[in-house]
Number of protein chains: 2
Amino acid sequence: MREQVFLYDTTLRDGTQGEGISLSVDDKLKIVTKLDQLGVHYIEGGWPGSNPKDMEFFRRVQELHLKKSTITAFGSTRRSGGSAENDENLLKIIESKVGTVAIFGKAWDFQVQEALRTTLAENLQMISDSVRFLKSHGLEVIFDAEHFFDGYKANKNYAMKALFAAEDAGANCIVLCDTNGGTLPHEISEIVKDVCGKVHIQVGIHCHNDGELAVANSLIAVQAGARQVQGTINGYGERCGNANLVSIIPNLQMKLTYTCVEEEHLKKLTSIAKYVHEIANQTAPSNQPFVGRSAFAHKGGMHVSAVLKHPQTYEHVLPELVGNNRRVLVSELSGQSNLMFKAQEWNIKLDKKDPTSKQLLETIKIKEHEGYQYEAAEASFELLVKQSYGSLKDYFILDYFKIFIEKNGDESFSTEAVIKLCIQDEIILTAAEGNGPVNALDHALRKALEQFYPIIRNMHLSDYKVRVLDETEATASKVRVLIESTDGQEKWSTIGVSANIIKASWLALVDSVQYYLMKNDDVIELVYPQKTNNSLGVSNH
Amino acid sequence: MREQVFLYDTTLRDGTQGEGISLSVDDKLKIVTKLDQLGVHYIEGGWPGSNPKDMEFFRRVQELHLKKSTITAFGSTRRSGGSAENDENLLKIIESKVGTVAIFGKAWDFQVQEALRTTLAENLQMISDSVRFLKSHGLEVIFDAEHFFDGYKANKNYAMKALFAAEDAGANCIVLCDTNGGTLPHEISEIVKDVCGKVHIQVGIHCHNDGELAVANSLIAVQAGARQVQGTINGYGERCGNANLVSIIPNLQMKLTYTCVEEEHLKKLTSIAKYVHEIANQTAPSNQPFVGRSAFAHKGGMHVSAVLKHPQTYEHVLPELVGNNRRVLVSELSGQSNLMFKAQEWNIKLDKKDPTSKQLLETIKIKEHEGYQYEAAEASFELLVKQSYGSLKDYFILDYFKIFIEKNGDESFSTEAVIKLCIQDEIILTAAEGNGPVNALDHALRKALEQFYPIIRNMHLSDYKVRVLDETEATASKVRVLIESTDGQEKWSTIGVSANIIKASWLALVDSVQYYLMKNDDVIELVYPQKTNNSLGVSNH
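Under an unreviewed UniProt entry, the name given to chain A is Citramalate synthase, and the source organism is Anaerobacillus alkaliphilus. Per UniProt, chain A carries the Sequence similarities (unreviewed entry) text "Belongs to the alpha-IPM synthase/homocitrate synthase family."

Set out below in structure tokens:
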């Protein structure tokens, strides 16, 4: 029989304290829906009364009709010297209409005296009054003991009194917070064990990652008796972040003997982690454990040949169990086995003794030296391979393009692209506007191609990334542009490198279109456009 | 008396197995120099014979005359069925002229039979022969027991035999590798303790971060008796990376009772971590523990007011001890105390009751909603504040700019910017070329300004970053441009947001120049240009 560990997500509250993390109410509601699907038990929505956005959230979240998750509000104990009944902060919590609340109180004598500037006795009374008041309104009350571990080390007796004050007042759960994130695993283990032997209600753990130990500390706390784990998706949070639930869940469930979510929901971890990165507008770290793009990516030639025989030789869990997948990387460290594996994926027969294969490896090395990285641009890589073997068609040939950008005074701004292509032996000249130079160029290219390859209407660019390669040269330095495209079903990534951002973008744009046309070569119907040739033999569209 | 823990850095070897990490020989030598200054005991340079780059490294590193660090080579035990004396891989190690070598051998019976495809007995012989051979050439030999923890759990008896084979053959140190990175802290603790009780030479630990546990596992291994820790700077490495030495060092030395490096060298951690990120061309994660830009950044208003009173309220260590510094962030979550703190830095007197202060907070919220983030663009923020208080001069007024980009066929590419400004009541029309549109615009703007503000020649852009805000819209979506500028002494960052990348760049560019002129307002000499007015009253330069 597996023991249940309850998950308490604070991405929407503590997570947004992280630098660069900002979520609109719509963003928060989208994330709530995903967390409910994953089966997270508690979702902390915000701090009612701290700003109008949080109040709007608590109003609108009631319309979502969640299946599994309980929405909770966050707040502090009553103010020093006041009464709980008249405390604006506590009243706002009631007003938010949640069924569960997490209120935090001080458990470190130093904090009480120096940050709160009140007496040790009054602080205990604040905890007690606040818990009792919220309980009397029918709420489930979770007490977050702020700075508990620092408090326990400084004045164990007082830290425990803070917990007992909450327990005696009727709290349902006590959460031990490593607020500053500096506590070590062996300390967590000893202290949580001690607390679990002394309190009679559920104990939870809330870790921060300032020592790069938050995941380990959370696991160790559970092994020592904690049954609620607080954290955030992807470990967002103040300073170095909160404990990362995306790593804690599979560790608890796949490696230890606890249950957090339903077994089949583990497969959603990768997509949910990515989804939240997107909503929060954060670049997903490629080396993120369990769910990162590189988490099951094999680069060393020796690793690749072994993992292809037996995944467990270089994988701690099977990637598909957490919704991720195995990847084989092509780079200068690659042995031939990586190249062979890639080629197999594309139904290309490579011969180890073939001079073209050797030439291809050489070309890859040169391109990587220029700044190309095919790891993140597999479509461009496939085009490169096909080109080496002479099996790539030219769907169009560029004669020229011109881009005009104009800004007048403070207001008007225009961007136009003119493009001249040769397609199927016809000369096409067309123009389009756009939001920026690359957008205008994309529009003009598609406008020209659509007439010949109507299938192009099914695809569009879904992501556009720019990386400055040699940052010391600023705007004069080389840039790497990555473009991701989709036809609604599949996604593919292409790359371009140049000192000119427009040229780099053009290279990636051309690869993106070429790749799609190549993949659909068998279904492309050539629809010749109505000709309106002028004297130069140019079609104007 | 503090116990010594030896550091073994494998950034140059295991680190480069990470996706997207690639280091030239020059890069490697630069990193070696920094690691030597930090006082890392062993630096693994590469695998001699695996590629020509590594051989060049071992030749050139001898010219560096390191003070503290020992350069080591990596390699495997001899091939199955061969002899150590004729093993090409082992001979290359001798040839590399290092004094210390780390050779890895299999400690997991499954790996021996399935990946190596040899017998259990032959594998032990391979370990024994290889260690003995290298010792006979006078080398210090470190034996890396690959997959030791998985091997120990599968067949403890055989895993231990692999260690004894190395010990009996004269190895100086045995390193227990969690190659797949999936071992849990409590397993590390038990297994390392058991091994330390059975072998009589130094024991080391080599962790990977697949469970987000590498730092904790390394600390716990030291507490269980290990005295060598292997890892990489910033945790680079295959899949999810190796154990991050940048976090391990301060944890061992500042929170536990071990010595790794000289006390005063801890202050170098932040600069070395950043340096290696730059050399490896990786974006430094802002939330990286100890050394990240956000590691001591305070965003919540309540945290800010407390940490200004007493740093230890929300900081686990003092930032200056690891060479980092405290930051206060300005964002929609900010209370007035953050704004007041910032204003103090700039000698602006804000009054809490002042309507302009309230208006400013409102403006910040609106701007952040549009996609501005002043956290990373403090110069733009300062301009915004000064503007609100009416204390900002207009150094120039834009009439218009136009950019022309042209690409012909596969080869020629031209980018030109034309700009018309009003400076000191004069109309200036000028043009410049560039590597790309923003570079051309930068050149044209400076060309126009230089004549009036010669001091502008002292500054240049040092970094240019583009972030797509709503990635689902690709090239049509909003972009945020961050520009970093420097005058050789100071650096400042500015921001622009727009759906048009050129407009966003322009906004950041203008802020960058305005900021520099404002800072140097007292030293600006107005040098009026020679006038060559045409009939329209326009100066052409």
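On to the overall build of chain A, then. Summing up its helical and strand segments, chain A has 17 helices and 19 strands in all. Every one of the 541 residues in chain A was classed for burial, and the buried ones make up 52%. Put simply, of all contacts in chain A between residues at least 6 apart along the chain, 67% involve residues at least 24 apart.

Contacts between the two partners involve 100 residues from chain A and, on the opposite side, 99 residues from chain B. Top element by residues in the side of chain A that touches chain B is strand 13 (residues 397–408) of chain A. It accounts for 11 residues. Its residues assigned to classes, the side of chain A that touches chain B comprises 39 nonpolar, 38 polar and 23 charged. Where strand 13 of chain A lies against strand 13 (residues 397–408) of chain B, 9 bridges are found, and the strand directions are antiparallel. Bridge pairing in strand 13 of chain B places Ile403(A) opposite Ile405(B).

Before going further, it helps to examine the sheet that holds strand 18 (residues 491–498) of chain B. All names here are of chain B. A sheet is described by the order of its strands in space; here 3 strands give the open sequence 16-17-18, paired in antiparallel fashion. Unpaired on one side and paired on the other, strand 16 (460–468) and strand 18 mark the two borders of the sheet. Averaged over all pairs of adjacent strands, the angle between their axes in this sheet comes to 20 degrees, without regard to strand direction. Alignment of strand 17 (residues 479–486) against strand 18, held across 8 bridges, turns out to be antiparallel. Counted as the bridge partner of valine 481 is glycine 496 from strand 18. The strands that helix 17 (residues 501–519) touches are strand 16, strand 17 and strand 18; relative to strand 18, the one it contacts most, it runs at about 150 degrees.

Rotating chain A by 180 degrees and moving it 0.2 Å along the rotation axis overlays it on chain B with an RMSD of 0.6 Å. The transformation relating the two chain copies, once decomposed into turn and shift, fits a two-fold axis. An overlap of 99% is found between the interface residues of chain A and their copies at the interface of chain B, pointing to a shared contact surface.

In an α-helix there are 3.6 residues to a turn, and that puts residues three or four apart on one side. Residue and element names in this part refer to chain A. Those residues of helix 2 (residues 52–61) that fall on the buried side of the exposure criterion are Asp54, Phe57, Phe58 and Val61. Taken around the axis of helix 2, the buried residues stretch over an arc of 95 degrees, which confines them to a single face. Among the structural elements, helix 1 (25–38), strand 3 (42–46) and strand 4 (70–76) are those in contact with the buried residues of helix 2.

The subject of this paragraph is the UniProt feature "domain: Pyruvate carboxyltransferase" (unreviewed entry) in chain A. When the UniProt feature table is mapped onto this chain numbering, "domain: Pyruvate carboxyltransferase" (unreviewed entry) sits at residues 5–267 of chain A. When the span residues 5–267 of chain A is considered, its composition is 43% helix and 18% strand, and the gap between its end C-alpha atoms is 18 Å.

The next subject is the pairing of strand 14 (residues 413–423) of chain A. Residues and elements named next belong to chain A. Here 10 bridges tie strand 13 to strand 14, and the two strands are oriented antiparallel to one another. Paired with phenylalanine 404 across the strands is glutamate 416, a residue of strand 14. The pairing of strand 14 with strand 15 (residues 426–433) spans 8 bridges and is antiparallel. Residue pairing across strands places alanine 417 opposite alanine 432, the latter belonging to strand 15. What sits between the antiparallel neighbours strand 14 and strand 15 is a turn of 2 residues, in which glutamine 424 has the positive phi angle 50 degrees.

The next point concerns the domain arrangement of chain A. Where interface size is quoted, it is often the accessible area lost as the parts come together. Domains assigned within chain A are domain 1 (3–261) and domain 2 (397–519). The C-alpha-based centres of domain 1 of chain A and domain 2 of chain A are spaced at 48 Å.

To continue, consider the environment of Asp354(B). Looking at the secondary structure, you find Asp354(B) in the loop between helix 13 (336–345) and helix 14 (355–370). For the pair Asp354(B) and Cys207(B), spaced 147 residues apart in the sequence, the C-alpha separation amounts to 56 Å.

With that settled, consider the sheet that holds strand 7 (residues 173–178) of chain A. The strands making up a sheet associate through backbone hydrogen bonding, with each pair oriented either parallel or antiparallel. Residues and elements named next belong to chain A. If you trace the 8 strands once around the closed barrel, you get 2-3-4-5-6-7-8-9, paired in parallel fashion. Taken over all neighbouring pairs, the strand axes of this sheet differ in orientation by 25 degrees on average, direction set aside. Both strand 8 (residues 202–207) and strand 9 (residues 228–231) contribute to a ladder of 3 bridges, which runs parallel. Across the sheet, glycine 204 pairs through a bridge with glutamine 228, a residue of strand 9.

All names here are of chain A. Where helix 1 meets helix 2, the axes come as close as 10 Å, and the angle between the chain directions of the two elements is 40 degrees. The pairing of helix 1 with helix 2 is recorded here as oblique in orientation. The two elements helix 1 and helix 2 cross, and the hand of that crossing is right-handed. Contact residues: helix 1 offers Val25, Lys28, Leu29 and Val32, while helix 2 offers Lys53, Glu56, Phe57, Arg60 and Val61.

The rules we used
Residues numbered from 1 in each chain as written. Chains lettered and ligands numbered in written order. Predicted model: local features only at pLDDT ≥ 70, side-chain atom pairs only at ≥ 80, totals over all residues. UniProt positions renumbered as here; feature names shortened; annotations may be inferred. Helix = DSSP H or I, 4+ residues; strand = E, 2+ residues; numbered from the N terminus. Buried ≥ 20, exposed ≤ 12 C-beta atoms within 10 Å, placed from the backbone. Contact = placed C-beta atoms within 7 Å. Nonpolar A, V, L, I, M, F, W, Y, C, P; charged D, E, K, R; others polar. Pairing = 2+ DSSP bridges. Axes fitted to C-alpha atoms, helices over the stretch in contact; angles between N-to-C directions. Least-squares fit on C-alpha atoms with pLDDT ≥ 70 in both. Arc of directions from axis to C-beta. Domains from an automatic or database assignment. Parallel < 35°, antiparallel > 145°, perpendicular 65-115°, else oblique. Left-handed = near helix turned anticlockwise from the far one by under 90°.

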